[in-house]
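# Notes for the structure review
Below, each chain spelled out in residue letters.
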Protein chains: 2
Amino acid sequence: MDSVIPQPLRELIEALEQLPGVGPRTAERYAYYLLKADQAKAGQLSSALASLHKSIRYCPKTFALIDAELEVSPLYDNPARDKRQVAVVADPFDIVAIEKTGSYHGTYHVLGGLVSPIDNVGPEQLHIEELIHRIDDDKVKELILATNASVEGESTALLLTQKVGGRKLKVTRLARGLPVGVDLEYADQITLTRALEGRQSI
Amino acid sequence: MDSVIPQPLRELIEALEQLPGVGPRTAERYAYYLLKADQAKAGQLSSALASLHKSIRYCPKTFALIDAELEVSPLYDNPARDKRQVAVVADPFDIVAIEKTGSYHGTYHVLGGLVSPIDNVGPEQLHIEELIHRIDDDKVKELILATNASVEGESTALLLTQKVGGRKLKVTRLARGLPVGVDLEYADQITLTRALEGRQSI
């Protein structure tokens, strides 16, 4: 097979195969596309990758991704942001999802994952200690646990509730219920049970 | 939104979104994976991309992808390969699929696509003239049309049959029939019709 795919192309395919959910066929398709496309396209991707780790770092307060030139995240720095309200999320991109709603004006704290024994992720690998410090330093009044509605998300939320226990602090969790625009008959049992439990008077 | 995703990361996401079939969410996932992974992984992909166009070119005879240092494809050069038998394929990676069978010892000719009026691909964009020259120069005895079993593949095959018409040359087409391991009841009507038409005595 060695002579069929030239070495430089094989290297690219192998590198692309490392991406999550990308198999050999998809990697081949990406590589062939990049080869056929304008050379500038491959160059653009190449330089974006080359500078990635140099130009981005984690905010030491919130662990959000920030420009390497910045000290802390603008979402923490901004005086319009209420430091006493902290939304706890698993990954940096969860912030993007919440920011898109435009209806949250507190700050964030990225855990860097969720507790998952299967994936060998324990509480000590997450930024929990730093969160506790922030709670005390910034006199946080509300902790919004905005982790996924999965088993890992729920158990991480439970763990956090225990960790902050004893402090005078409101701990809330994102509401579970019917997604907007979804028919009741298509909702699964657990979601519907949560929607019933969390019903509100109108 | 500008402050939520740092500029260098946004550039990477935008570059990844150019890949075929990759939407904003998948691009974000790839970018975040590359950021979290070892810096070497991003570096590896970056350098593979940077050298791609410099280190690969098309074989002037077969239009297969070859190392830029080579004159012609090793699949054409090799004396063990029968130059008088040519398999015509649409894309370079089709060669890989046929080579994997290990049961073909002729040479290849890559068309560089298929005739598709919808995508603005006409016969003049494909390497058809070069194929005609090869047929005459190499005294080709058999032309195996190994294009897809799609409308574009079939019409390109028909066109090629017309173009080479008049020459003393066997033109064949890959057999259509039941894929090995697939139940007859799951085969579609057209495939089954072709399988009946192409039935062989045992």
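Shown above is the structure to which this text applies.
Just so it is clear, the structure is predicted and the values come from calculations on it, not from any experiment.

## Section: the relation of the copies chain B and chain A
Superposing chain B onto chain A requires a rotation of 180° together with a translation of 0.0 Å along the rotation axis, leaving an RMSD of 0.1 Å. Within this description, the copies of the chain are treated as partners about a two-fold rotation axis. By C-alpha distance to the rotation axis, the residue of chain B lying nearest is Ser46(B), at 2.1 Å.

## A closer look at the interface of chain B and chain A
Opposite the 55 residues of chain B that make contact, chain A presents 55 residues. For the chain B and chain A pair, buried surface summed over both sides reaches about 5300 Å², with 74% attributable to carbon and sulfur atoms. The tally of links from chain B across to chain A stands at 1 salt bridge. With a closest N to O distance of 4.0 Å, Lys36(B) and Asp91(A) form a salt bridge. Along the contact surface separating chain B from chain A lie 14 residue pairs in polar contact (both at pLDDT 80 or more).

## As for the sheet that holds strand E6 (residues 170-173) of chain B
All names here are of chain B. Pairing is parallel across the open sheet formed by 4 strands, whose spatial order is E4-E3-E5-E6. A single partner strand is all that each edge strand has here, and the edge strands are strand E4 (106-110) and E6. The average undirected angle you get between the axes of adjacent strands in this sheet is 25°. As defined by bridge partners, strand E5 (residues 142-145) adjoins E6 across 4 bridges and the pair is classed as parallel. The residue of E6 that forms the bridge with Glu 142 is Lys 170. Sitting on the sheet, helix H5 (residues 92-101) touches strand E3 (82-89) and E4, and the angle it makes with E4 is about 155°.

Rules used in this analysis
- Residues numbered from 1 in each chain as written.
- Chains lettered and ligands numbered in written order.
- Predicted model: local features only at pLDDT ≥ 70, side-chain atom pairs only at ≥ 80, totals over all residues.
- Heavy atoms only, no water.
- Least-squares fit on C-alpha atoms with pLDDT ≥ 70 in both.
- Contact = heavy atoms within 4.5 Å.
- Buried area = accessible area lost by both parts, 1.4 Å probe.
- Salt bridge = Lys/Arg side-chain N within 4 Å of Asp/Glu carboxyl O.
- Polar contact = N/O pair within 3.5 Å; in protein donor to acceptor, adjacent residues only side chain to side chain.
- Pairing = 2+ DSSP bridges.
- Helix = DSSP H or I, 4+ residues; strand = E, 2+ residues; numbered from the N terminus.
- Axes fitted to C-alpha atoms, helices over the stretch in contact; angles between N-to-C directions.

So yeah, pure geometry; function would need other evidence.
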